[in-house]
Amino acid sequence: MTSCSSTEVRRCRPLLGTFVEMTAEGHDAESMNRAIESAFVAMERVEKLMSFFRPDSDVARLNRQAFREQVMVNADTFLVLEHGLALSRASNGAFDFTVASPLLVQMVQRENAPLPNLPGDWRDVELLPGNRVSFRRPLHLDLGGIAKGFAVDVAVDCLRATGVESGMVNAGGDLRAFGPRKYLVDIRHPAFPQAMAHRVELQGCALATSSPCFTETERNGQRVSHLVNPLDRSSLLGHRSVSVQAPECWLADGLAKVVFNAPLLAETLLEEFGAHAFVLSA
Amino acid sequence: MSGRIHYLAVPAIVVGAFHGYAAVYHTVESAQKACFPEAATFVSADVKLSSQEMKAIEKASGVRVRLENQKIWKVEKNGQALGWFIVDEVLGKHEFITWALALKSDGSVQSLEIMEYRETYGYEVRNADWRAQFVGKKNGARLKLDDDIKNVSGATLSCRHITDGVKRLLALYDLVLKH
């Protein structure tokens, strides 16, 4: 049966530090609105659990306590940790969510303290039965590299479960399309955000873009951005962006970092995960 | 094994005004309905702030007050106050946003909806060498891009100015609407 009376509802809210837009296509506007409402609630939950900044988030609790004792986290947080560690293992640490950008750490500490350099890395994260986590060495866990993508996946699951046929969830550029409809997506120019540099067509898959150049700034005489190369702990800099197209958004989000930090290895990983990357450089 | 990563060189210099991108998510009525599905009436209660009030709000919120006129509705059902519905505008770095804040009758935030989102494009980067190639050409220095853009990936836009807007409107509630 063709849905000739299909309607589209689009909504937008500030969430996850950016603007989250949801598009839902289905038979009636009322149920699309309800579906979107529940998907926003689900995303808010992810934000509360995985925010680096909220003192009561799972991430903040882990950073405070997991080096000293086992910390129990929500099942979703645990799942994101499993996803991330799998990606760290597969990429030999080119993706590593335990090396938070000094920019983030300073925003939390709210002072110009010397750049922290904690020795721990992804191999120090121990996942234990009962959603418990412990760190073998002190580290700054930052799920920013995949949690936004994960939140998009959660919202997509929610929309599908509530009967939306086709749709799109876009969290500030980390996005995922689902259903039969094709969506055109424009990738911003890595140096001039108001210009669109490349267009891709998405059907039933995700696209996430990472670029250091809009957060690049100077701290204590050093150029830093929100993106870090975990292999040498330097900030990623420069007018380039990496967009990864993958089946799920957490994966697109995480793989984008691998393409930045280890492009040769990334070829193999992209193949393995059924993904593609677009590297834009000015 | 190659071919999974596509390397694309994009112009290092971008000249000209391109397009505006606008997305309308809500009319006032649909935003009201989304925020207060159960409400029966929205009674207009627009506020014109005096300069003292504007200063007081700035002081209490730490956020600049740009507009003296604020569109506000008192929300009621069967004569019972449900809260307030406020339409506001904020300017970001490149974007202009109309949004609505719904407050419960005790002044706490009930919900928030983006009503309209616009990005303005009027970008020009001056670079003599690059521009030289267009000398003598008509319309050459203008990169025209498609207007019909629906989905954008790339630099994440911060929503901090909305957060500031919430602080400002909560201060407005405290100083002007409460009591």
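In this text, all values refer to a predicted model and were calculated from it rather than measured experimentally. (Residues numbered from 1 in each chain as written. Chains lettered and ligands numbered in written order. Predicted model: local features only at pLDDT ≥ 70, side-chain atom pairs only at ≥ 80, totals over all residues.)

## What to know about helix α7 (residues 263-272) of chain A
(1) Moving on: Along α7 of chain A, the residues that are buried comprise Ala-266, Leu-269 and Leu-270 of chain A. Burial along α7 of chain A is one-sided: seen end-on, the buried residues are contained in an arc of 100 degrees. In this structure, α7 of chain A carries Leu-264 and Glu-272 of chain A as exposed residues pointing more than 90 degrees from its buried face.
(2) Moving on: If you follow the buried residues of α7 of chain A, they end up packed against α3 (75-90), α6 (249-261) and β16 (276-281) of chain A together with β1 (5-9) of chain B.
(3) Moving on: Positioned one or two residues after α7 of chain A, Gly-274 of chain A has a phi angle of 65 degrees, which is positive. (Buried ≥ 20, exposed ≤ 12 C-beta atoms within 10 Å, placed from the backbone. Helix = DSSP H or I, 4+ residues; strand = E, 2+ residues; numbered from the N terminus. Arc of directions from axis to C-beta. Contact = placed C-beta atoms within 7 Å.)

## Regarding the domain arrangement of chain A
Residues and elements named next belong to chain A.
(1) Moving on: Here the domain parsing of chain A yields domain 1 (1-52 + 142-171), domain 2 (55-141) and domain 3 (182-282).
(2) Moving on: Taken together, the contact pairs 12 residues of domain 1 with 16 residues of domain 2.
(3) Moving on: Secondary-structure elements contributing two or more residues to the side of domain 1 that touches domain 2 are α1 (29-50) and α5 (144-161).
(4) Moving on: Residues belonging to the side of domain 1 that touches domain 2 are distributed by class as follows: eight nonpolar, two polar and two charged. (Domains from an automatic or database assignment. Nonpolar A, V, L, I, M, F, W, Y, C, P; charged D, E, K, R; others polar.)

## Here we look at the packing of α6 of chain A against α7 of chain A
Residues and elements named next belong to chain A.
(1) Moving on: Interaxial distance between α6 and α7 falls to 6 Å at its minimum, and their mutual angle equals 145 degrees. Relative to α7, the crossing made by α6 is left-handed. Residues Leu-255, Val-258 and Val-259 of α6 form the contact with α7, whose participating residues are Pro-263, Leu-265, Ala-266, Leu-269 and Leu-270. (Axes fitted to C-alpha atoms, helices over the stretch in contact; angles between N-to-C directions. Left-handed = near helix turned anticlockwise from the far one by under 90°.)

## Side note on the interface of chain A and chain B
(1) Moving on: Facing 49 residues of chain A, the contacting portion of chain B comprises 36 residues.
(2) Moving on: When the residues that make up the side of chain A that touches chain B are grouped by side-chain class, the tally is 26 nonpolar, 16 polar and seven charged.

## Some words on the packing of α5 of chain A against α6 of chain A
Between two packed helices, both the angle of their axes relative to each other and the distance between the axes serve to describe the pair.
All names here are of chain A.
(1) Moving on: Where α5 contacts α6, the two axes come as close as 6 Å, and the packing angle between them is 160 degrees. Regarding the angle of α5 to α6, the classification is roughly antiparallel. Relative to α6, α5 is oriented so that their crossing is right-handed. In this structure, α5 uses Gly-145, Ile-146, Lys-148, Gly-149, Phe-150, Val-152 and Asp-153 to contact α6, whose residues at the interface are Cys-249, Trp-250, Ala-252, Asp-253, Gly-254 and Lys-257.
(2) Moving on: Residue composition of the contact of α5 with α6, grouped by class: six nonpolar, three polar and four charged. (Parallel < 35°, antiparallel > 145°, perpendicular 65-115°, else oblique.)

## As for the sheet that holds strand β10 (residues 206-210) of chain A
Backbone hydrogen bonds hold the strands of a sheet together, and the pairing may be parallel or antiparallel.
(1) Moving on: The sheet built from eight strands is open, its strands ordered β1(A)-β2(A)-β6(A)-β7(A)-β10(A)-β15(A)-β16(A)-β1(B) with mixed pairing. Of all strands in the sheet, those with a lone pairing partner are β1 (7-15) of chain A together with β1 of chain B, marking the two edges. The mean inter-strand angle of the sheet, taken between neighbouring strand axes irrespective of direction, is 10 degrees.
(2) Moving on: With two bridges connecting them, strand β7 (residues 174-178) of chain A and β10 of chain A associate as antiparallel partners. Paired with Arg-176 of chain A across the bridge in β10 of chain A is Ala-206 of chain A.
(3) Moving on: Packing against the sheet, α5 of chain A makes contact with β2 (18-26), β6 (166-171), β7 and β10 of chain A, and its axis sits at approximately 25 degrees to β7 of chain A.
(4) Moving on: Each of β16 of chain A together with β1 of chain B is contacted by α7 of chain A, which is oriented at about 130 degrees to β1 of chain B, the strand it contacts most. (Pairing = 2+ DSSP bridges.)

## Comments concerning α5 of chain A
Residues and elements named next belong to chain A.
(1) Moving on: A rise of 1.5 Å per residue sets the reference length of α5, with its 18 residues, at 26 Å; its end C-alpha atoms lie 26 Å apart and thus fit the reference within 8%.
(2) Moving on: For α5, the tally of buried residues reaches 15 of 18 residues, placing the bulk of the element in the interior.
(3) Moving on: Within two residues after α5, Gly-163 carries a phi angle of roughly 90 degrees, on the positive side. (Expected span 1.5 Å × (residues − 1).)

## Observations concerning the nonpolar core
(1) Moving on: Among the nonpolar cores identified, the biggest contains 126 residues, and Ala-151, Ala-155, Val-244, Ala-252, Leu-255 and Val-259 of chain A together with Phe-85 of chain B are the most heavily contacted of them.
(2) Moving on: If you tally residues by element for this core, the top one is α5 of chain A, at 10 residues.
(3) Moving on: Sequence-distant contacts of Ala-155 of chain A, that is, excluding residues within four places in its chain, are made with Met-22, Ala-39, Ala-42, Met-43 and Val-169 of chain A. (Core = buried A, V, L, I, M, F, W, Y, C linked by C-beta atoms within 7 Å.)

## A closer look at the sheet that holds strand β3 (residues 71-72) of chain A
Residues and elements named next belong to chain A.
(1) Moving on: Spatially, the three strands line up as an open sheet ordered β3-β5-β4, and their pairing is antiparallel. Each edge of the open sheet is held by one strand with a lone partner, namely β3 and β4 (125-128).
(2) Moving on: Relative to strand β5 (residues 132-135), β3 runs antiparallel, the two sharing two bridges. Note that in β5 the partner of Val-71 across the bridge is Val-133.
(3) Moving on: Strands in contact with α3 are β4 and β5; relative to β4, the strand with the most contacts, it is inclined by about 130 degrees.

## Comments concerning the environment of Ala-24 of chain A
All names here are of chain A.
(1) Moving on: As for its placement among the helices and strands, Ala-24 is situated in strand β2.
(2) Moving on: Classification of Ala-24 by C-beta neighbours within 10 Å gives buried; the count is 29.
(3) Moving on: Considering only alpha carbons, one finds Ala-24 and Ala-208, 184 residues apart in sequence, at a separation of 20 Å.
(4) Moving on: Setting aside chain neighbours within four positions, we find Ala-24 in contact with Val-9, Met-32, Ala-35, Ile-36, Leu-159, Val-164 and Gly-167.

## Some words on the environment of Glu-30 of chain A
(1) Moving on: Structurally, Glu-30 of chain A is set in helix α1.
(2) Moving on: Remark: the alpha-carbon pair of Glu-30 of chain A and Val-9 of chain A, spanning 21 residues in sequence, is separated by 9.1 Å.

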